[in-house]
Amino acid sequence: MQRQRTIVLLLGAPGAGKGTQARFIGGLLGIPHVASGDLLREHRRAGTALGRAAQEYMDRGDLVPDTLVIDMIAERLEREDATRGALLDGFPRTVAQAEALEVRLADRGDTVGAVLYLEVPRTALVERLAGRWMCGACQATYHERFNPPTADNICNICEEPLYQRPDDRREVVENRVEVYLRETLPVVEHYKSRGVLHALDGDRSIDAVRTRLCHALGGTVHGQRRPRWHLFVRHTEPGDDGAASQALGRTLCGKFVGRRPAGDFGAVEDFEANPCRHCWHALHARHPFRLVVLEQSDAVAS
Ligand code: AMP
């Protein structure tokens, strides 16, 4: 029997912060981040028939026809790296897409495990998008006011020049938000009525939204009870040559593990000095590494 896949949806208007959070959640769950907008842009760059068909819709900020997008996502979910599941970002955007997704998933015995919805007021969306700049190489995003790069127009991570997406121009942005409100809010209602929707206030800091996403994911994927993941910790482990090798490990918040960290998980004081930033309970490391640095933003699959 095939193992059921973890299918998580990230819904939210353009500019709600889906891309920023998706990298983190994908890493947390160990599944690829599949963004329909990124796939369409790849098709455009490669000059495929789909890319050419999508071009005029995208440039206007309108939705690409359902049939094209549904086939594209179905094909993407067949790829090797999606055997454990996928985090879908920007899809579904219409109720027809949501229904088609459910049919395609049901063919394999899969269902949508959780739907995360980032709510952001309309004025904030326009402001965020119209000031957004991206790295063409690693897709990191910046904002000219809220999150500027260290050097003007240069990516902090890979030092490549930044660019503004053509559909992030203010006149197109207004239309994208409009289209979203008309077409995608019914998708939110669709999942609400199925009881799988987690609506979160996306008009907060990146860290605050991230914490709430972790909280929402705890216990919801596949409908099974899962420990809540609150933080990530960077550990070091002595290598054969005695030098410390770096490893990243997932930590569980002690509140949900229900017991104190054992001695071989590092000094108890380490954990007490670094409580979970969400609920301020002590942390519990999953692996017997020595805890050295606490980093809320480092996300990896264990
Ligand atoms: P995004 O990067 O998600 O903001 O998407 C950029 C553009 O790609 C959108 O404005 C649409 O034109 C198109 N697009 C992305 N995802 C979808 C989808 N699920 N359905 C229809 N069009 C889409």
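This is a predicted model, so every value here is computed, not measured.

What counts and what doesn't
- Residues numbered from 1 in each chain as written.
- Predicted model: local features only at pLDDT ≥ 70, side-chain atom pairs only at ≥ 80, totals over all residues.
- Heavy atoms only, no water.
- Helix = DSSP H or I, 4+ residues; strand = E, 2+ residues; numbered from the N terminus.
- Expected span 1.5 Å × (residues − 1).
- Buried < 20%, exposed > 50% of the residue type's maximum accessible area, 1.4 Å probe, protein only.
- Arc of directions from axis to C-beta.
- Contact = heavy atoms within 4.5 Å.
- Near = heavy atom within 4 Å.
- Polar contact = N/O pair within 3.5 Å; in protein donor to acceptor, adjacent residues only side chain to side chain.
- Areas by Shrake-Rupley, 256 points an atom, 1.4 Å probe, with all protein chains shown as cover.
- Nonpolar A, V, L, I, M, F, W, Y, C, P; charged D, E, K, R; others polar.
- Pairing = 2+ DSSP bridges.

(A) Representation of helix 7 (residues 170–183) within the structure. Here helix 7 contains 14 residues, and its C-alpha end-to-end distance of 20 Å stays within 8% of the 20 Å for a straight helix at 1.5 Å per residue. Those residues of helix 7 not exposed but buried are Val172, Val173, Arg176, Val177, Val179 and Tyr180. The buried residues of helix 7 occupy one face: seen down the axis, they fall within an arc of 160°. Seen from the open side of helix 7, the exposed residues pointing more than 90 degrees away from its buried face are Glu171 and Arg182. Against the buried residues of helix 7 lie strand 1 (6–12), helix 3 (49–60), strand 4 (112–119), helix 6 (122–130), strand 5 (132–135) and helix 8 (185–193).

(B) Just the site of the ligand, in detail. Close to the ligand lie 16 residues, the nearest being Ser36, Arg41, Asp62, Gln97 and Arg176. Measuring from an oxygen atom of the ligand, one finds a side-chain N or O atom of arginine 176 at 2.8 Å. Considered on its own, the ligand offers 480 Å² of accessible surface; in the complex 96% of this is hidden by protein. Per-element tally for the shell around the ligand: the top contributor is helix 2 (residues 36–46), with four residues. For the shell around the ligand, the class distribution of residues is six nonpolar, four polar and six charged.

(C) Examining the sheet that holds strand 7 (residues 162–163) more closely. Spatially, 6-5-7 is the arrangement adopted by the three strands of the open sheet, whose pairing is antiparallel. Each end of this open sheet is capped by a strand with a single partner; those strands are strand 6 (141–143) and strand 7. Strand direction decides the pairing type here: strand 5 and strand 6, joined by three bridges, are antiparallel. Bridge pairing links methionine 134 to threonine 141 in strand 6.

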